[in-house]
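The primary structure of each chain is shown beneath.
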Amino acid sequence: MKLGIVGLPNVGKSTLFNSLTKAGADVANYPFCTIDPNVGVVAVPDERIQKLGEMYHSKKITPAVIEFVDIAGLVKGASKGEGLGNQFLGNIRECDAIVHVVRCFENDNITHVDGSIDPMRDIETINMELVFADLEVLERRISKVAKEARMDKDAAKELELLKRVKAALEAGDPASSVAIEDEEEQKIMNGLQLLTGKPVIYACNVSEDDIPDDGANNKGAQAVRAYAAQVGAEAYVLCAEMEAEISELDDDEKQAFLEDLGIKESGLDKLIRASYHELGLMSFLTAGPDETRAWTIRIGTKAPQAAGKVHSDMERGFIRAEVVNWEVLLREGSLSAARDKGLVGVEGKDYVVQDGDVCVFRFNV
C-alpha cells in the first residue's frame, strides 16, 4: 500500500518523511525542495511479532510494511500548472491514501508560502486544488461516455454516476462524499482514481511544547481535529522536528525519551498505525524458530486467501487453518500447549481471519 505525504511548501513534509523512512530526502527552507517523489518503506509498529519472536527465538522477525511517498509542495493554482502543477498531482493519483501535513507551529525562521500560519486556510487551498484536478478528469470522461450512453446501458449508468460526482465537486465536496450504490459503481470510481476520493489522514505539525498535552492548547491543531471529525477523517498531532531526532535513537533511548515527555508512543507510530487501518488493512501472524512474521491482508479476508499471501500453493491446495490468538499463544508458551487445552481453532474455507490470529495452514497440492 502506498501513501502520499502532501501539503503546502515548508510545512514539514520532508522532515516527516525523513523521520518515517530515514531515507534522507533533502530538507531546505524553500518551496519545491522535493522535486521528484522520494519513496520509502516503513515498518508497521507491532509488539506482537516482537514478543512471539522472543518466545520462539526466531532467527528473523518480519513486520508488515507501508510505502510512503514524499511529494513536492503544492501551491494555489497547481491544478492549472502553478508550481510543479500536474506533475505532483499524478504522483498523488498513484497513492492509495493521503497524509496531509498541516503546519500548526510558529517559526519566524521558516517562511510560509502565504505569509502567515492558518491551518484551515491551508487545508482549503489543498482541497480546492484536488477538486479542480478531479473536475478536469471528470469533464474529459463525461465527454467520452456521453457519446456511448445513447446506445449503451452500462455507459448510461456510468454517465449518471459521473454527473453525481461532478455536482458534488462543483459544490466543493470531495468525491468520497458521493454515495455509491453498488459494486459496479465502486468499480467505476476505482478506475477514475479521483484525488478527493482517497482516504485522508491529517498530520498536525506542532512545536515540541505542544506534544506533552497532545496539542490540546494549540488552536490550529484543535481546528484541524474538529474539521477532520466533521468530514470523517483522522487527525494526529506530531512534531516533525522532534520525530526526526527520535528516529536517530535506538529503541531503549527512544522509550526513555518518550517517558520523559510523559507519552506512550511517538506521533509517527500513531500515524503509521492509523495509515494501516485507514486503508482497511490488518495483520495475521505466522510464528516459529525460523521466522515470525506479520502478513498484511484486507479486513474481511477469508482463510484460503490469507494462506495465499504466504504462498500461492497454500491457497490452491487449502485444506484447513489452525488458528490461535497471539495473546493466548504467548500465554500458553507453545502451539502444542494451546492445542492440548482446546484453544486452537480448526477453521475451513469460510473462516474470516482476525487481526492478531496466528495461523498454521494445512494444504495439499
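These numbers come from a predicted model, not from an experiment.

**Structural notes on the side chain of serine 283**
Item 1. Mapped onto the elements, serine 283 comes out in strand E8 (residues 281–286).
Item 2. The residues contacting serine 283, other than those within four sequence positions of it, are Arg48, Ala64, Tyr276, Ala294, Trp295, Gln354, Asp355 and Gly356.

**Overview of the packing of helix H4 (residues 119–149) against helix H7 (residues 219–231)**
Item 1. With their axes 9 Å apart at the nearest point, H4 and H7 run at an angle of 45° to one another. If you check the angle between H4 and H7, you find them oblique. Here Pro119, Met120, Ile123 and Asn127 of H4 come into contact with H7, specifically with Gly220, Ala223, Val224 and Tyr227.
Item 2. Residue composition of the contact of H4 with H7, by class: six nonpolar, two polar and no charged.

**Overview of unusual backbone geometry**
Item 1. One non-glycine residue, histidine 57, lies in the positive phi region at around 55°.
Item 2. With respect to the secondary-structure elements, histidine 57 resides in the loop between helix H2 (47–56) and strand E3 (60–62).

**Observations regarding the pairing of E8**
The side chains of a regular strand alternate, residue by residue, between the two faces of the sheet.
Item 1. Among the six residues of E8, six are classified as buried, and the element is accordingly described as predominantly covered.
Item 2. Burial along E8 is two-sided: the face carrying Leu281, Ser283 and Leu285 and the face carrying Met282, Phe284 and Thr286 are both buried.
Item 3. By the bridge criterion, six bridges tie E8 to strand E9 (residues 291–298) in an arrangement that is antiparallel. Bridge pairing links threonine 286 to arginine 293 in E9.
Item 4. Counting the residues in the hairpin turn of E8 and E9 gives four residues.

**What to know about the confidence of the model for the protein chain**
Item 1. With 89% of its residues at a pLDDT of at least 70, the protein chain reaches an overall mean of 86.
Item 2. Scored below 50 in pLDDT, residues 27–35 shows 26 contacts in the model against residues more than four places distant or in partner chains.

**Observations regarding the nonpolar core**
Item 1. Judged by nonpolar contacts, the single largest core of 48 residues is most densely connected at Ile5, Leu16, Leu20, Phe68 and Val324.
Item 2. Element by element, the count of residues in this core is highest for helix H10 (residues 267–278), at five residues.
Item 3. Contact partners of valine 324, with chain neighbours within four places excluded, come to Leu329, Leu335, Ala338, Leu343, Val344, Gly356, Asp357 and Val358.
Item 4. In this structure, Ile142, Val145, Leu159 and Ala175 belong to the second largest nonpolar core, which totals 20 residues.

**Section: H7**
Item 1. Relative to the 18 Å expected for 13 residues at 1.5 Å per residue, H7 spans 19 Å between its end C-alpha atoms, a close match to the ideal helical length.
Item 2. What H7 keeps buried is the set Gly220, Ala221, Val224 and Ala228. End-on, the buried residues of H7 take up no more than an arc of 95°, which puts them together on one face. Set apart from the buried face of H7 by more than 90 degrees, the exposed residues are Lys219, Ala229 and Gln230.
Item 3. Those residues of H7 hidden inside the fold are in contact with strand E5 (97–103), H4, strand E6 (200–205) and strand E7 (234–238).
Item 4. N-cap assignment for H7: the residue whose side-chain oxygen lies 3.0 Å from the backbone N of glycine 220 is asparagine 218.
Item 5. Positive backbone phi, approximately 75°, marks glycine 232, located one or two places after H7.

Basis of the calculations
- Residues numbered from 1 in each chain as written.
- Predicted model: local features only at pLDDT ≥ 70, side-chain atom pairs only at ≥ 80, totals over all residues.
- Heavy atoms only, no water.
- Helix = DSSP H or I, 4+ residues; strand = E, 2+ residues; numbered from the N terminus.
- Contact = heavy atoms within 4.5 Å.
- Axes fitted to C-alpha atoms, helices over the stretch in contact; angles between N-to-C directions.
- Parallel < 35°, antiparallel > 145°, perpendicular 65-115°, else oblique.
- Nonpolar A, V, L, I, M, F, W, Y, C, P; charged D, E, K, R; others polar.
- Buried < 20%, exposed > 50% of the residue type's maximum accessible area, 1.4 Å probe, protein only.
- Pairing = 2+ DSSP bridges.
- pLDDT = per-residue confidence, 0-100.
- Core = buried A, V, L, I, M, F, W, Y, C linked by side-chain atoms within 4.5 Å.
- Expected span 1.5 Å × (residues − 1).
- Arc of directions from axis to C-beta.
- Polar contact = N/O pair within 3.5 Å; in protein donor to acceptor, adjacent residues only side chain to side chain.

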